[in-house]
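Topology and contacts: notes
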There are 2 protein chains.
Amino acid sequence: MTQLDVSEAPAPKLGRKRDHSRDPEILDAALEVLAEEGYDGMTIDMVAARAKAGKATLYRRWASKGELVVDAVACMKKNDLDPARLPDTGTLRGDLIAMIKPRSIEDAEKKMQVMAGLMSVLTRSPELAEAISQAIVQPRAEVNRILFRRAIERGEIPSDCDIDALSMVSPSMAAYRTMVLQKPVDREFLLDLIDGVILPAVGIRPPY
Amino acid sequence: MTQLDVSEAPAPKLGRKRDHSRDPEILDAALEVLAEEGYDGMTIDMVAARAKAGKATLYRRWASKGELVVDAVACMKKNDLDPARLPDTGTLRGDLIAMIKPRSIEDAEKKMQVMAGLMSVLTRSPELAEAISQAIVQPRAEVNRILFRRAIERGEIPSDCDIDALSMVSPSMAAYRTMVLQKPVDREFLLDLIDGVILPAVGIRPPY
DNA sequence: TATATACGGAACTTTACGGTTTCGGATAGC
DNA sequence: GCTATCCGAAACCGTAAAGTTCCGTATATA
């Protein structure tokens, strides 16, 4: 490459531009199929059919099934909550319970199903593993870390709490329950988890 | 079926008997491939090659790939420890730490990898889900339940502990760490888990 | 309104794998 | 040693899915 890359806007004089306006529908369709069928069960035809698009359209935009999936996973990140706008009720228990909302339960369920469908591919696709980590794993852990840190700053829980371990409790147990036990991660389960494991672990006991 | 099933020993007069002497090698090979490649990545040829067996031999014994995998998963159960012969050190912490042995760490790692490879298929194969549950999930939870129950009987921890939730903490976090975070479930991690989450959650604090 | 472009749909190619069959050689019982 | 039976290897078949090509149509820009 002795030549500079000057592939900028090669003057399309006429006709329709190749915008990526259909990307969202396609990526959403891919996520749905992925959640239902898993990586190997998902076919390009299924995705195209669900997005009411042609298979060729998908291949004009993504070079392979793998790249489409990585993109789809990455786009899950936009749904998750802003760490700057977390509930702040004044108590750790209040914050944790305030996180339990039908909307976020639903969103988490979908993400878990997608992750389950990608599990077997993770080890052989570092790209995909990274996408999953960025879109799901890290944000979830970060949210918990923030809540625990605030509780420490308030003096509500001891400052020598193992935050790294504690922030993984909820994601781990929710994932295990969905993927392995195949039981619902509902409000009841989450309340039991908070009052039966997490709060006891940081020394908070009833009465609350 | 008005006729009784009298398919017992139809008098093989001559030649070699069809014993199942090669089953263990084949099932072990299947487990290895399963752990490395996942369900969809595993091919019958791979298993046959690794077991130095012919593909036909596998199909003489199992009707399909699915049945072979179910059998292979089920045969993992024989490796796991007898609930009647668990460590009994007199303290919960002693018991939990006594469970950390290179042998069991290694065994657990293999099981987690197999489970990861089957994750996406679980929802569509109740047979397989049941096999996994019997071979891995239930035994692991049961071991923990026993240790917690004994601690309650000793009066070491409160009797109103949420044993159902607590017995899932270790399996959940180990699974998450292996499958999702792709980090090793080593002695250090398990010690941090015990001292940073489990023991605090049941009210046991240093000095031990 | 005219036209270049992208789109949906469908036909097509290639490859890989599940499953079957065949066959020469090994092996256990007679 | 003889023979029925099983085994491993390899060829073979059918199907399904990744990826490509083609075409008639819709659409945005001029």
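So, how was this worked out
- Residues numbered from 1 in each chain as written.
- Chains lettered and ligands numbered in written order.
- Predicted model: local features only at pLDDT ≥ 70, side-chain atom pairs only at ≥ 80, totals over all residues.
- Heavy atoms only, no water.
- Helix = DSSP H or I, 4+ residues; strand = E, 2+ residues; numbered from the N terminus.
- Rg over C-alpha atoms; globule rule 2.2 N^0.38 Å.
- Buried < 20%, exposed > 50% of the residue type's maximum accessible area, 1.4 Å probe, protein only.
- Contact = heavy atoms within 4.5 Å.
- Areas by Shrake-Rupley, 256 points an atom, 1.4 Å probe, with all protein chains shown as cover.
- Lys, Arg positive; Asp, Glu negative; His and termini not counted.
- Charge placed at Lys NZ, Arg CZ, Asp CG, Glu CD.
- Buried area = accessible area lost by both parts, 1.4 Å probe.
- Salt bridge = Lys/Arg side-chain N within 4 Å of Asp/Glu carboxyl O.
- Least-squares fit on C-alpha atoms with pLDDT ≥ 70 in both.
- Phe/Tyr/Trp six-rings, centres within 6.5 Å; stacked < 30°, edge-to-face > 60°.
- Lys NZ or Arg CZ within 6 Å of the ring centre and 35° of its normal.
- Core = buried A, V, L, I, M, F, W, Y, C linked by side-chain atoms within 4.5 Å.
- Disulfide = S-S within 2.5 Å.
- Domains from an automatic or database assignment.
- Axes fitted to C-alpha atoms, helices over the stretch in contact; angles between N-to-C directions.
- Parallel < 35°, antiparallel > 145°, perpendicular 65-115°, else oblique.
- Left-handed = near helix turned anticlockwise from the far one by under 90°.
- Nonpolar A, V, L, I, M, F, W, Y, C, P; charged D, E, K, R; others polar.

Here we look at the overall build of chain A
Helix and strand content of chain A: 9 helices and 0 strands. Counting from the amino terminus, chain A carries its helices and strands in the arrangement α-α-α-α-α-α-α-α-α. Over its C-alpha trace chain A gives a radius of gyration of 21 Å, far above what one expects of a compact globule, namely 17 Å for 208 residues. By its C-alpha atoms, chain A is 70 × 40 × 30 Å across when sized along the principal axes. Split into buried and exposed, the 208 residues of chain A put 45% on the buried side. At a minimum sequence separation of 6, the contacts of chain A that also span at least 24 residues come to 67%. If you sum the accessible surface of chain A, you get close to 11300 Å²; carbon and sulfur atoms cover 53% of it. The averaged location of the 32 negative side-chain charges in chain A is 5 Å from the averaged location of its 29 positive side-chain charges.

Thoughts on the interface of chain B and chain A
At the junction of the two partners, chain B supplies 36 residues and chain A supplies 36 residues. Counting the surface lost from both chain B and chain A, the interface buries some 3000 Å², and carbon and sulfur atoms represent 65% of this. Linking chain B with chain A are 2 salt bridges. A:Arg124 is the salt-bridge partner of B:Glu37, the closest N and O atoms lying 3.3 Å from each other. Mapped by element, the contributors of at least two residues to the side of chain B that touches chain A are α1 (23–41), α6 (102–122), α7 (126–153), α8 (163–180) and α9 (187–201) of chain B. In terms of residue count, α8(B) provides more of the side of chain B that touches chain A than any other element does, 11 residues in total.

Some thoughts on the relation of the copies chain B and chain A
Each copy superposes on the other: chain B lies on chain A with an RMSD of 0.1 Å after a rotation of 180 degrees and an axial shift of 0.0 Å. Seen this way, the second copy is the image of the first under a two-fold rotation axis. No C-alpha of chain B approaches the rotation axis more nearly than that of B:Ala201, which lies at 1.7 Å. Most of the interface of chain B is mirrored in chain A, where 100% of its interface residues again form contacts.

Here's the deal with the packing of aromatic side chains
Per the counting criterion, the structure on display carries 0 aromatic pairs over all chains. Over the aromatic face of A:Trp62 sits the side chain of A:Arg61, whose NZ or CZ is 4.9 Å from the ring centroid. The ring of B:Tyr39 carries B:Lys65 above its face, with NZ or CZ at 4.5 Å from the centroid.

Observations concerning helix α4 (residues 65–74) of chain B
What α4(B) keeps buried is the set B:Lys65, B:Leu68, B:Val69, B:Val70, B:Ala72 and B:Val73. Those residues of α4(B) hidden inside the fold are in contact with α1, α2 (44–50), α3 (55–61), α6 and α7 of chain B.

With respect to the nonpolar core
Counting 147 residues, the largest nonpolar core has A:Leu68, A:Val73, A:Leu92, B:Leu68, B:Val73 and B:Leu92 as the members making the most contacts within it. Ranked by residues supplied to this core, first place goes to α7(B) with 14 residues. In contact with A:Leu92, not counting residues within four places along its chain, are A:Leu147, A:Phe148, A:Ala151, A:Arg154, A:Glu156, A:Ile157, A:Leu199, A:Val202 and A:Ile204.

What about the state of the cysteines?
Scanning the entire structure with this criterion turns up 0 disulfides over all chains. Here B:Cys161 stays free of any disulfide, with the sulfur of A:Cys161 as its closest cysteine sulfur at 17 Å.

Overview of the domain arrangement of chain A
All names here are of chain A. Split into domains, chain A comes out as domain 1 (23–75) and domain 2 (80–201). Relative placement of domain 1 and domain 2: their C-alpha centres are 27 Å apart. Opposite the 11 residues of domain 1 that make contact, domain 2 presents 12 residues. Buried area between domain 1 and domain 2, both sides added, is near 870 Å², and the carbon and sulfur share of it is 80%. The three residues of domain 1 that bury the most area against domain 2 are Ala35, Val70 and Val73, which together make up 50% of that side's buried surface.

Some thoughts on the packing of helix α8 (residues 163–180) of chain A against helix α9 (residues 187–201) of chain A
All names here are of chain A. At their nearest, the axes of α8 and α9 sit 11 Å apart, and the two run at 150 degrees to each other. One finds that α8 runs roughly antiparallel with respect to α9. α8 and α9 meet at a crossing whose hand is right-handed. Residues Leu166, Val169, Ser170, Met173, Ala174 and Arg177 of α8 touch α9, and the partners they reach there are Phe189, Leu193, Val197, Ile198 and Ala201. Residues that form the contact of α8 with α9 fall into these classes: 9 nonpolar, 1 polar and 1 charged.

Here's the deal with unusual backbone geometry
Look at the link from A:Pro206 to A:Pro207: it is a cis peptide, with omega at -5 degrees. Among the secondary structure elements, A:Pro207 is positioned in the segment after α9. Its identity as a non-glycine residue notwithstanding, A:Gln182 has a phi of 55 degrees, on the positive side. Looking at the secondary structure, you find A:Gln182 in the loop between α8 and α9. On the basis of relative accessible area, A:Gln182 is assigned to the partly exposed category, the value being 36%. In the Ramachandran plot, B:Lys52 falls in the positive-phi region, its phi being about 50 degrees despite a non-glycine side chain. Looking at where B:Lys52 falls in the secondary structure, it is placed in the loop between α2 and α3.

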